[in-house]
Amino acid sequence: MTLKPFGSTGLKVGPLALGSVNFSWLTDEADSFAILDAAFERGVNLIDTSDNYNAGQTEALLGRWLALGGGRREKTVLASKVYSAPMEWGSPDPVKRSGSWVGPNQRGLSAKHIREACEASLRRLNTDYLDLYQMHHVDRATRWEEIWQAMELLVQQGKVLYVGSSNFAGWHIAQAQETARARHFLGLVSEQSVYNLMKRTVELEVIPAARAYGMAFMPYSPLAGGMLGGKPTDNERGRRAFLPVSAAIDSFQALCDELGHPPGAVALAWVARQPGVTVPVIGPRTMAQLDDSLAALELTLEDAAWTRIDALFPGPGGPAPEAYAW
């Protein structure tokens, strides 16, 4: 599998990142391990998780997988996130969990929370460092100087190698990078945002900002939560069983049938080929979904077909300000 540079860093990553939000929830441990092993063997080396996925249980599952050895940790680019602390482990159902946050300072991007959250993630993941530590959301109540001071300390201690962002606006990226530059710090190396045929707002400013700063861009939810995966079947399981069907989705399904390719494969291939996209984040629930995602990377269409797809789900019209100014 062809590797590509992760933004302007020296890291090399495969063409897909394995998102883990379903692990320990919709996908049990045995199946999660099987998916991880299959992805690992087929060259997917970036695993993306978060401390608040399934109340920290996803990180713990990944930690048990990494502990199996066989070069898993050394060959894995391990990415986690900080912002919302895991909730209490009291309820057995992470979907219905109604516990409160552990404490008032265990949320956001204060120096206290960044330090404590990182230590907790390292324990759950059974590792002594994270390759990529991503801010899961912007914290408008915390100054960039405080955030960068905390991140710099983690880097100095060897607990974090690179820092990334997630769900940032373009101007948040600029603020973060210029403050880091003033501190002679590397700053953000990546941004992770929702991006798919149905949600293309990041084309205005987020992707251009990431490209201007030499950052990797990691689109998540490339199938729009399953809506671009085709019409749910009568025996469909998981979230897709409850998805609405729109006229655009119907037209997209018909076009994909005409092209002879599954809608999910076309939607993922579209994301992967967009300018500025480094590595789409997939979240397979089953082995079949992983196989479908990897197969989508081999899909090629004529330019006319991509033009027809763009017409079904028009974007904002290009980058800002040209998209909305004279």
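All of the points below concern the structure found in this document.

1. Digging into empty space enclosed by the protein
One pass over the structure, following the stated rule, counts two cavities of 30 Å³ or more. Approximately 40 Å³ is the volume found for the largest cavity. In this structure, the largest cavity is lined by Leu18, Leu36, Ala39, Phe40, Val44, Asn45, Ile47, Trp65 and Thr76. Among the elements that line the lining of the largest cavity, the one with the most residues is helix H1 (residues 29-41), at three residues. Of the residues that constitute the lining of the largest cavity, the class distribution is seven nonpolar, two polar and no charged.

2. Things to note about the packing of aromatic side chains
Going through the model one piece at a time under the given rule, you end up with seven aromatic pairs. Relative to Trp65, the ring of Phe40 lies with its centre 5.8 Å away and its plane at 80°, an arrangement referred to as edge-to-face. Taken together, the residues span a long stretch of sequence, with Phe40 in helix H1 and Trp65 in helix H2 (residues 57-66) at a distance of 25 residues. Trp65 sits in the buried class, given a relative accessible area of 1%. A connected cluster of aromatic rings, assembled from ring pairs, spans Trp144, Trp148, Phe168 and Phe185.

3. Here we look at unusual backbone geometry
Note the cis peptide between Ala320 and Pro321, where omega equals 0°. Inspection of the secondary structure assignment puts Pro321 in the segment after helix H11 (303-312). The phi dihedral of Asn126 falls on the positive side, at around 60°, and the residue is not glycine. Looking at the element boundaries, Asn126 is found in the loop between helix H4 (111-125) and strand S6 (130-135). Asn126 gets classed as partly exposed once you look at its relative accessible area, which sits at 48%. Positive phi outside glycine occurs at Ala224, with the angle close to 55°.

4. A closer look at the environment of Cys118
Mapped onto the secondary structure, Cys118 falls in helix H4. The residues touching Cys118, leaving out its near neighbours within four places in the chain, are Leu130, Tyr133, Leu154, Lys159 and Val160.

What counts and what doesn't
- Residues numbered from 1 in each chain as written.
- Predicted model: local features only at pLDDT ≥ 70, side-chain atom pairs only at ≥ 80, totals over all residues.
- Heavy atoms only, no water.
- 1 Å grid on protein atoms, 1.4 Å probe; cavity = no way out; pocket = protein on both sides within 12 Å on 5 of 7 lines; lining within 4 Å.
- Points joined across faces, edges and corners; volume = space filled by probe spheres on them.
- Helix = DSSP H or I, 4+ residues; strand = E, 2+ residues; numbered from the N terminus.
- Nonpolar A, V, L, I, M, F, W, Y, C, P; charged D, E, K, R; others polar.
- Phe/Tyr/Trp six-rings, centres within 6.5 Å; stacked < 30°, edge-to-face > 60°.
- Buried < 20%, exposed > 50% of the residue type's maximum accessible area, 1.4 Å probe, protein only.
- Contact = heavy atoms within 4.5 Å.

The analysis is restricted to geometry; functional conclusions fall outside its scope.
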